[in-house]
Each structure stands twice: as C-alpha cells, then as structure tokens.
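Observations on the model geometry
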Amino acid sequence: MFTKKKNERTLKNSSLENSFELNFNKSSIIPNNQTSQKRTSSINSQSRIFEDEDDTSVHRIIYINDCIKNQQAKFLHNSITTAKYNFFTFLPKFLIDQFSKYANLFFLFTACIQQIPEVSPTNRFGTVVPLSMVLLASAVKELIEDAKRHTQDKTINQKKVKALAGNGGFVSKLWKDVVVGDIVRIENGEFFPADLILLSSSEPEALCYIETSNLDGETNLKIRQGLPETMHILTPEEAVNFEGIIKSELPNNSLYTYEGTLRYNHKELALDPISLLLRGAVLRNTRWVYGVVVFTGHETKLMKNATKTPIKRTKVENVVNTQIIFLFCILLSMALCCALVTLVRSSQTGNFEEIILKQSGSLVALEAFPLIVTMEFVKFFLGTMINSDLDMYYEESDTPATARTSSLVEELGQVDYIFSDKTGTLTCNIMDYRMCCVAGSGFAQVVPDDKKIRVDESGKEIGYHDFEAMKRALKDSKSVLGDNLREFYTLLAVCHTVIPETNESGDITYQASSPDEAALVKGAVSAGYIFTTRKPKSVTIHINGIEEEFEILNICEFNSTRKRMSAVVRLPDGTIKLYIKGADTVILERLSQNNPYVDSTCVYLEEYATEGLRTLCLAVRTISEEEYSKWSVIYEKAATTINNRGDALDAAAELIEKDLMLLGATAIEDKLQDGVPETIATLALAGIKIWVLTGDRQETAINIGFSCKLITEEMSMIVCNETTHHETKKFLMDKLELVKYGTTNLDSIPDTKINYNDSIDEEYDERSPTFFQKLKGKLFKKKKKLFNKDIAVDNEPLALIIDGKSLSYALEPDVALIFLELATHCKAVICCRVSPLQKALVVKLVKKNVEESVTLAIGDGANDVSMIQAAHVGVGISGQEGLQAARSADFAIAQFRFLKKLLLVHGNWAYSRLSKLILYSFYKNITLYLIQMWFALDNGFSGQVMITQTLILTLFETWTVSAYNIAFAVFQPVAIGLFDTYVSARMLDRYPQLYRQGQKSLFYNNKVFWYWLFNCFFHSMILYQLMKFAYGEGTILADGRLADNWLMGETVYTMVLITITWKAAIVVDVFVKFTYVAIFGSIALWFVLFPIYATVAPMRNYRPHSYHIIQEIQKFNIPDYRPRMEWFRKAVHKVRQIQRLKRNRGFAFSQNESGQAELIRVYDTTKRKPTG
C-alpha cells in the first residue's frame, strides 16, 4: 500500500506560493509503513498551535459525525453573499456613497440654507425636491444592480449536494445548509460546496483529480490523496460509523498551505494541503469522493481571498467633483461680493451672516443640480445598449454582454492599460496535435495549398504531407521513414504520465496533469497507437489491433532545469530503449555524431515557432543489458539519497541521456480564442498597453505572446528570472539604464534621474494622511505621479518577461518603481507564475504611479477577481473557468474579441456623449441663473429674484422655474447623452487611433470646462443686457399696463430657452428622431408649437480636430489605402523571424514539475473501482 509524502507545514511567503505545486508531488507515493511513521512523527514538527486542545484562539476542533458538539462551537454557516447591500446596511452605505459626491453634498448645503425663514429668497423646496429625485433615481439603480447579485448568490446557495444522514444514507442538502463536520459525497463534474478533507474516493489509494481553474487559473488536472487510514471508507454504512476529531488551523486566505491533524483510532495523523479540497474546485475524472467539511461560507479559502465589492469612481466623475468645487468657490465669491455691496449700501448696520446667506440663496442654482440624475439616467441606458448589442452576443453559450455596473461606462473610453489573464481569456486551453516532422519529412493535420509537398530546385522534397499519407507510410514495413514513424509514435504512446480511464461504453478518457501530454497521447491514438492500460510496472498499447505491453523500468522526470523527460522501457522483444522528449536546445546537444535529420528538423522547428506552436523534440537510444544494470544501481542509489535527492537524480539521468538518435519533433497548438490576435493588434493601434498576468509557465506564456501578436519579431525580449532581491534589483536597474541612456555605466548617467527611494516614501508607501492633509491635497495639490502614461519610446520595441519569484522582489517598495519605469518603456509586459495577490499588486502599482492612467483588468477565473476589483474597470469573461470573474466584474463578455467593440465603440461613444452632456448641463443651468447676478447690479444687490413677482417665490411661479430642468431643458442633454454619435461604429473600428481622444481627455478637461463657463458668462450677460436695452426704463403693454420686472424676467427666460436649445442643435453631431423631438419639442412646449427651423446643421469649431477629418471621410466613404503599408512589413517578416529564433531558440512545454514516477508504479487501471 502506498500513499504520499507529507509536505512541509510552515506557512510560506508569497514567493513560495508561486513555486509550490498542488499537483503530483515529487515523492507523492511512498510505502505505507514509512508514511505512517512520517505522518505520526510530523506532529512534533507542526506548529505549536496544536499543543493545547482547549485553546480555540489558535485552532478549531471539529467532531466528525457529531453535529451537537459542532453546534456548540458556533461555526459560520455556508451561505455566501457578494452583494453590496442588505436590508439593514443599504440606507447608511448608500447615503455615505452618494454624499461622497461633492455635487450632492453641495445640494444638501443649499437645501439647508433654503429652509431658513426670511433669509432665502427662493422656495424652501426648490432644491430639496430635485435632490430627492437624484437620490431616489440613484437608489433605484443601485437596488436593481444589487438585486442581480442577490439572485446569483441565491442560485449558488441553493445548489444541492449529497450529505450523510444519521440513518446511514446520503440525502440531498442545500449548500447553504452544509455545516462543519458534515461528511459529503461529491460526484464527477461537481463543485465542492465547502473546504473539505478528503477521506476516500473511487480511485486506488484514495486518489482523486480536481480542476482548480477558479483558484489559480490552471485548467490542467491536479491530484489529491486521502489518508491511508481513511481510504477504506467506501460505503455510507462505513462513513456513518466513522468517528474522529480534526484539529484544524483557523480560516485564512492561503490557498497553498494547510495545517491540521486527525485523531482516529488513538492515532494523531497529520493533514496537509494534498488532502484539502477547496471550495470552487471541480472534481474531474473521478466517480466520487467522500470528504468532511472543515471550513464553510465566508471562512473558506476561496471567500477569504475575495474582497468586498469596491466603490469605483470614473475619471470623468473625479473631474466633475473638482469643477463643482470651483463653481462652489465662484458662488461664494459672488455671494460675498453682493453681500458686501448690500452691507455698504444699506443704512442699517445689518446682519452680515444673514445677508450673505440671502445672497447665496439667490445664486444657489448656479450649480447644475440636475446633472447627477441626468448622468445616472443616461449611464443606465448606455449600459442597456451594451446588454442588447448583438455583435457582442456569443451564440454558442447563449451569453450576451452585460454591463453589471453601468456607472463606469464612460471609463471604457479612456483605458490606457489592459491587464489580461492568459488561460481561458486569450486561449481556450485546448491543445491540438497539429504537425510533426519525422526523419526529415513534415506532416500536418491540415496542409494549406502553399505548403503542400513539392520538389525544390535541388531535388529535395519540401512542404508537408497530410496525416493520411503518414498513416500509409506507417504501414510500409520496408521503408526507413516507416521504421522511424513507428518508433516515433511508440515513444509518444509510452513516454508520458497519462492515466487512461475507460467508461462503460468503452471510450477512453486520458487523465493528464498537463494538457500537452494528453494532446501528444491523442496524437498517437490518431495514428493507431492507442494507449489503453497502465499498471504499476507497465503500459499496454493497441497497435493496429495488436496488444503490446511495454515494461517501464525507470522514469527521469521533467523539471525546468532539465527541460526534458525520459523513460527507460523494455520492449516486448526484450530490447531496452531510452525514450526522451524535451526542448530542442537540450535534446540537440545530446545527440550522437551520426544524426542525418538534424538540419531538416531544425527547419521545421523554425516554421513551427513562427506559427506560435508549442514544440518538442523526440529522440531514442538503445541500451544494452550490461549498461542498464550498471546505471540502475546508480539510479537507485540517487533515488534513496536523503539530501539533494533531486540533484542526484538529475546527475544520474545525465549519464544515460546521451548519444541519442533524433526521431523528429512535434507541434501542438494552444488554441487562441477567435479574433484574439486581431483584437490585440487593434487595441495596440488605439494606444492601449497590454500586460499579460498569468499563472502559467514562462515558456508557455512567451509562446502565447507570439501567437496572439502581443510580442512581435521586431521586439527584443528582456527576461528576468533572478532568484534574490539584490539580483532582481540590479538586473532591473541595469536594464533600465541601458534602455534610457544606452549604458550601464553610472558615471555617464545624468543626475536628473528619479530618486527611487524618495519616491517610494512619498508614493508607494501609503501612510495614512490626516483629514486636513487629504482636504489640502484635494483642493490645492494634485497628487504627484512619477511616470507619464504617454512616455515616448525612441529605441527599439521591447518586451519584458518576468517570473513570479522575481516579481515578488520587484514589487517590494525599493524595487517597485524601478520595475514600473522599465515596464513603461516596454511595449509588451508578461508576468508569469503570478499569484492572485501579485496580479492585484501589479495593477495597483500602475494605477497609483502612472499619471492619469485608467486601468482595465480582464479575466475569467476566481483567481482574477482581485485583479478585476483592483483596476478602474473590471471585465469578466464567462468562460470555462466558471462565472466568479464575471460576477465580480463591472462588465461581462463571453469572448476576448468583444473587448474591441466594448472599448472602441461603446466606450468611445459613452465618453464623448457624457462629456457633451456634462458640459451642456453646466452651460444651460449657469447661463440661466447667472442672469440673477447681472440683475443684482440693477436691484441694489437686494437678493431679489428676477423671475418672480415678489421677494419670495409663489408656488405657481416656483414650479414654472423648476420646470426648466423638468420639461423645457431636460430632453436636450438626454438626447445628447443617448444618441449623439460623433463618428460611426464602422469608422471607429476602421480608425482605432481615434480612441486616443478619450485617453488624452480631449472632449472633457479643465480647459474645455473653462471655455464653456466663459461661454455661459458671455451668453447670460448678452441676453440680459439686450432685454434690458429693449425694455429701457419701462415698456407699456397694449392694454396700457406697465411691464414690470417679472414680465422682463419671463422674456429673458424665453430667450435663454431659445439660446440653449440652439446651442444643443449646434453641438449635436448626428440627428435622430428623438434628437429632433428633444431639441425642438422643448421649444414647442414653451411656445405651444411655435414654428422653428426643422434642421440645424452641426457647426465646426475654429480649430478642427482629427475626428473632423474622419467625419468627412465617413460622409464620402473614402477608401483606406493603409493596408499597402503592410506589404513591406511582410517582405521582411521571415528574415526577422529567423534572426530572432537563432537568437532565442526555445520551446513551450507545460509538463508539470512534480514527481510522477512513483504514481506510475502504483496506479493500475485494470483494478475494479468501488461504487461508493
């Protein structure tokens, strides 16, 4: 009987989390007697938290199958919630959120002034009612969006799982009702409802396979194993009689560690991460498992890694907040001036406080109080337009795009950085055996017309045969090619760590820890070499209907240093051969002198690499009995070495992995999602920088970078694989100085470079400022940013690749800004083997230290949630890794390619529309109410309101004035915000460079705001002075009455309405039916169908912008001749590819670095499995 070796029990730091593999561990299977000793003795080395059983502050005690004792511990329930609000917290959270907006805070201040009797010249409800409408509309919107989260939480909580009942059977139980101590049965394909300790399974030795894509982003299968003492629990009757006590660590967020013990049969057995089944993982290729619940609900490790839904503010909203402060200061200045003049002109000493409040009350409408509610209304409908866009609907999974947080729609139009996951986001994580070359001949699954086999000028065959031709050659027993092909596919079918599973219908499913391995075995199956059975010491293959058994003598495992895997095999005829596969760089240097196929194979390898395929070289060597006998002694001695066993095994493998004969090479395609290369290329043209943050291996990530065109042949790669803090810092500094100054000689570098240590103290080390420091920073001091997002890169394009361990050092305070500055000089950045926490830290580093940058994070797994929530905008993909990312994101799409339209079209439109809406809303309100200031010059600064009959507004006239933002001036900004289109979707897709308008905030910034504000002052003054001049000292009406100031006020009101409507007609770029109704219908409401012009052509500014040119092109449909520029690039494409490959020859092989030799020894697929 065999079981696994106990892992270390110490809590690891983040760098170890990246390198720790919850997979087939290097010595995962050892004899049972050794295991029992190790598990028992390991208690002494465990943390002291287990010494005092009664001290529940450092551990929890769980009684298996004893719910009464567990209830006394009051463990947390298994119900989860990801919503922002509940019944009790909605009102306080909502009000705090709303009044963090300066506009609402100012309206509240204004409403308070208006409630003071005989001070405010305006109606006391003039601001309270609009503010209430704003809050009500925002509350409804928040409730609708949060209701969706509650619905999704309810769906999860009401899933069912089989839990053990007291009568000895399993009954269905809702997830939310699962409690700590329950024994549950999970079947193949089901999610784990809580964190479980594995007791037994349908597989031998209590093994099971899980997929942890929701946890770490990897869809390859990982192995878990229960204790040998519990593996006998195979029936409900045995499970109900099982009694034991688990002493577990307290809930924490470490996905890669676990400490605990199981007291059973008077023994204390150690529990480690290899026995832990985490919530969010899925059981794969295992019929069933029994597990006992240790953590539930928000105490599970998955939920401990989740963060609360953050409150996000867009870049536009922050600018609006700042400008509202400016307007508030202007209002106070105007009120102060009017109050001072009133005090001077008044004969009474006067109450200055009452006078200034009175003057402030007469000018309160200077703020655009309907702006917020109009913005929220428009954003909500822009979000529904995203939801209903058929171009972003994925028919295969029936998944539309979803705007889960519509308040961020305009932020989609200003994105500078995209942080993307790889697996499931850029790729489908589906490996396909595409090509191979054997004995100098190339074969392909699909052969394009330009690559079909032909004879060149020298008489040699070049090109590819199809797989059908390969199958015919396999049957040719007389040709050299046939012999090599048979050896080639025998190697693929034998040299691996795949386990076959045969279902009831006879179909074989291959369980593999690496998708590459499964693809190679399936490739052998397609050639007629079917791997059917694995036994402890052999594998069985069906070759053209004939069953052959190969004895596995030894396995030399893969690791990142060796970059290869080999198996010593005894063939059915008794011959001993070494089969080996690995990277071309390590295989080619171990070949014998007489290898006729090296040059031709290298040519094919270059072609595979240029197409972004994952390559492996295959070789073989025949070993004599005498040589094997001598080597096996060395190998066994290395395998039993206590210290540095891995190094000893590698050294032993080196002795036999030599004088190889090259058979050929394979090419596997890691399928990208449809349209990924085109989308990345288009987003790059739009000025968006894309960083890939992946948990995958470096070689794989680089390979995918080339496949998706993130890395191009023109780029030089900077690869950081340092192992210490000092080495990482020195490497990054040297590369940075080389990039910036072309030298690493510090004496020749200018003194103007950044002092990183000082910068870290100010920026990266976020110390808590006082309230007054915050207020001062917001009002008078703009936060200093270290790096410009539009930094010019004059040197050759660069790509930075850094692994997880180096990244952990690069994110430390004294290195972080060095890493960031180097990264900002690169066109592509790929971070490999990163943890979820590191993803979030990278996003925050850019977010906080790159000036005015807007970040977007996109992913599809639960491991991407922290990154998605850390970014300004989070986009989740509803993919194969579940819906956790989509549920936590602000926007959800089904495919990465939909991101192009989401940003370039919907984002661009939303930003331009809301920019006009904000500016126009400010304009229409300030223009109307500034007239009161001009009127103050004629009413002796008394505070009297012009558009009323008396000092205090009557009810009727108050609502007439209020109707300005309810009926007469409300539809114009709504029409602009919903339907105005400055450039069509087709042209935005055709000219992605237009997206830079939003990145540079050209439509809405302080300069544009002050221009519109000046326009308000100018228009209001002209309107008032013209009407004042027309009226003179007084105008006599037709019935002999004298026109008073109220009639003059209504006339000015009419002129203002005409002016702002005309302004709307001028700024609108595209008229639709609603635009006509909104603009001209507003005048009709006031004039009662007063005749006006039917169409007003949009007017150009004096200084044309680039999009004006595109608008003219759009009118005449002028063709685009830019694709001709690509022909020159294609002409030098091949040359650069070859140069790059010669410089950086490598491979992409995702074989896991974990010991599997012992697993192969123990697994027997011929044994009958228990039904449970």
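Residues numbered from 1 in each chain as written. Predicted model: local features only at pLDDT ≥ 70, side-chain atom pairs only at ≥ 80, totals over all residues. Heavy atoms only, no water.

**Side note on the overall build of the protein chain**
Our working rule: Counting from the N terminus, the helices are DSSP H or I runs at least four residues long and the strands are E runs at least two residues long. Note on exposure labels: buried denotes an accessible area under 20% of the residue type's maximum, exposed denotes more than 50%, and partly exposed covers the range between, all computed with a 1.4 Å probe on protein chains only. Here a residue-residue contact requires only that any non-hydrogen atoms of the pair lie within 4.5 Å. All accessible areas in this document rest on Shrake-Rupley with a 1.4 Å probe, and a residue is counted as covered only by the protein chains that are shown.
The number of helices and strands found in the protein chain is 42 helices and 40 strands. Within the protein chain, the fraction of its 1172 residues that count as buried is 56%. Long-range contacts, defined as pairs at least 24 residues apart, comprise 75% of the intrachain contacts of the protein chain with a sequence gap of at least 6. Working note: accessible area of the protein chain is about 50800 Å², and carbon and sulfur atoms make up 57% of it.

**Section: the pattern of salt bridges**
To be explicit about the condition: Salt bridge, as used here: a side-chain nitrogen of Lys or Arg that lies within 4 Å of a carboxyl oxygen of Asp or Glu.
Scanning all chains against the criterion turns up 39 salt bridges. With a closest N to O distance of 3.3 Å, Lys-84 and Glu-142 form a salt bridge. On the criterion of sequence distance, the pair formed by Lys-84 in the loop between α3 (67–72) and α4 (90–98) and Glu-142 in helix α6 (residues 128–157) is long-range, its members being 58 residues apart. You can call Lys-84 buried: its relative accessible area is 16%. Across the pair Glu-487 and Lys-577 runs a salt bridge, and its minimum N-O distance is 2.5 Å.

**A look at the packing of helix α12 (residues 371–387) against helix α33 (residues 971–979)**
Geometry of a packed helix pair, given as the angle between the helix axes and the separation of the axes. Where we set the bar: For every element, the axis is a line fit to its C-alpha atoms; helices are fit only across the contacting stretch, and the angle between N-to-C directions ranges from 0 to 180 degrees. These descriptions rest on fixed angle ranges, namely under 35 degrees for roughly parallel, over 145 for roughly antiparallel, 65 to 115 for roughly perpendicular, and the rest for oblique. Rotating anticlockwise by less than a right angle from the far helix to the near helix defines a left-handed crossing, while the corresponding clockwise rotation defines a right-handed one. Classes in brief: Ala, Val, Leu, Ile, Met, Phe, Trp, Tyr, Cys and Pro nonpolar; Asp, Glu, Lys and Arg charged; the others, Gly included, polar.
Direction vectors running N to C along α12 and α33 enclose 30°, while the axes themselves pass 9 Å from each other. In terms of orientation, α12 and α33 fall into the roughly parallel class. Between α12 and α33 lies a crossing whose hand is right-handed. Contacts between α12 and α33 involve Thr-374, Phe-377, Val-378, Phe-381, Leu-382 and Met-385 on the former and, on the latter, Pro-973, Val-974, Gly-977, Leu-978 and Phe-979. Considering only residue class, the contact of α12 with α33 consists of nine nonpolar, two polar and no charged.

**Some points on the UniProt feature "binding site: Mg(2+)" (unreviewed entry) in the protein chain**
Selection rule: UniProt positions are given in the numbering used here, feature names are shortened, and annotations may be inferred rather than shown by experiment.
When the UniProt feature table is mapped onto this chain numbering, "binding site: Mg(2+)" (unreviewed entry) sits at Asp-421, Thr-423, Asp-860 and Asp-864. On the basis of their most widely separated C-alpha atoms, the annotated residues across 444 residues gather in one place, lying no more than 10.8 Å apart. With respect to the helices and strands, the residue Thr-423 is situated in the loop between β17 (417–420) and β18 (427–438). The topology assignment puts Asp-864 in the loop between β38 (855–859) and α28 (865–870). By relative accessible area, Asp-864 is classed as buried at 0%. Not counting residues within four places of it along the chain, the set of residues in contact with Asp-864 comprises Asp-421, Lys-839 and Gly-859.

**As for the packing of helix α30 (residues 898–929) against α33**
At their nearest, the axes of α30 and α33 sit 8 Å apart, and the two run at 170° to each other. Viewed along their axes, α30 and α33 adopt a mutual orientation that is roughly antiparallel. Contacts from Arg-913, Lys-916, Leu-917, Tyr-920, Ser-921 and Lys-924 of α30 reach α33 at Gln-972, Pro-973, Ile-976, Gly-977, Leu-978 and Phe-979. Of the residues belonging to the contact of α30 with α33, the class tally is six nonpolar, three polar and three charged.

**A word on the sheet that holds strand β3 (residues 59–63)**
Selection criterion: Being paired, for any two strands, means DSSP has found at least two bridges between them.
As summarised here, the arrangement of the four strands in space is β3-β10-β11-β12, forming an open sheet in which the pairing is antiparallel. Of all the strands in the sheet, the pair left with one neighbour each is β3 and β12 (267–271). With direction set aside, neighbouring strand axes in the sheet form an average angle of 20°. As judged from the five bridges shared by strand β11 (residues 260–264) and β12, these two strands associate in the antiparallel manner. When the sheet's bridge partners are listed, Arg-263 is paired in β12 with Glu-268.

**Side note on unusual backbone geometry**
At Asn-265, a position not held by glycine, the phi torsion is positive, near 55°. Structurally, Asn-265 can be placed in the loop between β11 and β12. Of note in this structure, Lys-709 is not a glycine but carries a positive phi near 70°. In this structure, Lys-709 sits in the loop between α21 (698–707) and β33 (716–720). Judged by relative accessible area, which is 42%, Lys-709 ranks as partly exposed.

**Some remarks on the pairing of strand β24 (residues 508–511)**
Sheet faces and side chains relate simply in a regular strand, where the side chains alternate between the two faces. The pairing of strand β23 (residues 499–502) with β24 spans four bridges and is classified as antiparallel. Opposite Ile-499, over in β24, you have Gln-511 as the bridge partner. Here β23 folds back onto β24, and the loop between the two strands holds five residues, one of which, Gly-506, carries a positive phi near 95°.

**Digging into a nonpolar patch on the surface**
Keep this limit in mind: Grouping into patches uses exposed residues only, defined as over 30% relative accessible area, and leaves out salt-bridged ones; the cut-off is 9 Å for like charges and 5 Å for nonpolar side chains (Val, Leu, Ile, Met, Phe, Trp, Tyr).
A cluster of nonpolar side chains, Phe-1014, Phe-1018, Met-1021, Ile-1022 and Leu-1026, forms an exposed patch at the surface whose accessible area comes to about 470 Å². Within the element layout of this structure, Leu-1026 appears in helix α36 (residues 1006–1031). By relative accessible area, which is 52% here, Leu-1026 ends up exposed.

**Some thoughts on helix α26 (residues 813–824)**
Structurally, the α-helix is built with 3.6 residues per turn, so residues lying three or four positions apart point the same way. Under the convention used in this document: Here the expected span of a helix is defined as 1.5 Å times the quantity of residues minus one.
Compared with the 16 Å implied by 1.5 Å per residue over twelve residues, the 17 Å span of α26 between its first and last C-alpha is a close match. A large share of α26 lies buried, amounting to ten of its twelve residues. Taken residue by residue, α26 has Val-815, Ala-816, Leu-817, Ile-818, Phe-819, Leu-820, Glu-821, Leu-822, Ala-823 and Thr-824 as its buried positions.

**Focus on the side chain of Asn-925**
By secondary structure assignment, the location of Asn-925 is in helix α30. Residue classification places Asn-925 among the buried positions, given a relative accessible area of 0%.

**Some thoughts on the confidence of the model for the protein chain**
Convention followed: Predictor confidence is given residue by residue as pLDDT, running from a minimum of 0 to a maximum of 100.
Here the protein chain shows a mean pLDDT of 78. Residues at 70 or above account for 75%. Across residues 352–367 the pLDDT falls below 50, and counting only partners more than four positions away or on other chains, this stretch makes 59 contacts in the model. With pLDDT under 50 throughout, residues 1089–1102 is counted as low confidence; its partners more than four residues away or in other chains account for 23 contacts.

**So, the nonpolar core**
Selection criterion: We define the nonpolar core as a collection of buried residues of types Ala, Val, Leu, Ile, Met, Phe, Trp, Tyr and Cys that are connected through side-chain atoms lying within 4.5 Å of one another.
Ile-418, Leu-856, Phe-891, Leu-899, Leu-903 and Phe-922 are the most contacted members of the largest nonpolar core, which totals 122 residues. Here the element with the most residues in this core is α30; it accounts for 19 residues. By size, the runner-up hydrophobic cluster in this structure holds 51 residues, among which are Phe-75, Trp-175, Ile-233 and Leu-278.

**Thoughts on the sheet that holds strand β40 (residues 891–893)**
Ordered by their spatial adjacency, nine strands build an open sheet running β16-β40-β39-β38-β17-β32-β36-β35-β33, and the pairing between neighbours is mixed. A single partner strand is all that each edge strand has here, and the edge strands are β16 (402–403) and β33. Strand direction decides the pairing type here: β16 and β40, joined by two bridges, are antiparallel. Within β40, the residue paired with Thr-402 across the bridge is Ala-892. Contacting β17, β32 (689–693) and β38, helix α27 (residues 836–849) runs over the sheet at an angle of about 155° to β32. Where α30 meets the sheet, it contacts β17, β38, β39 (873–877) and β40, and its direction lies at approximately 140° from that of β40.

**Section: the side chain of His-496**
For the record, the criterion: Here a polar contact is recorded for every N or O atom pair within 3.5 Å, except that within protein the pair must consist of a potential hydrogen donor and a potential acceptor, and residues adjacent in sequence are included only if both atoms are side-chain atoms.
Its location among the elements puts His-496 in the loop between α14 (480–494) and β23. Overall, the relative accessible area of 1% leaves His-496 in the buried class. A polar contact is formed between the side chain of His-496 and the backbone oxygen of Ala-493, at a distance of 2.7 Å. There is a polar contact of 3.1 Å between the side chain of His-496 and the backbone nitrogen of Val-498.

**Quick notes on the packing of aromatic side chains**
As a reminder of what qualifies: Aromatic rings from Phe, Tyr and Trp, with only the six-membered ring used for Trp, were paired whenever their centres fell within 6.5 Å, and each pair was classed as stacked if the ring planes differed by under 30 degrees, edge-to-face if by over 60, and tilted otherwise.
Inspection of the entire model under this criterion finds 32 aromatic pairs. Ring geometry for Phe-419 and Trp-691: centres 5.3 Å apart, planes at 75°, overall edge-to-face. Taken together, the residues span a long stretch of sequence, with Phe-419 in strand β17 and Trp-691 in strand β32 at a distance of 272 residues. On the basis of relative accessibility, which here comes to 0%, the residue Phe-419 falls in the buried class. Overall, the relative accessible area of 2% leaves Trp-691 in the buried class. Ring geometry for Tyr-628 against Trp-631: centres 6.2 Å apart, planes inclined by 40°, an arrangement best described as tilted. Separated by three residues within a single helix, Tyr-628 and Trp-631 lie in helix α18 (residues 625–639), roughly one turn from each other.

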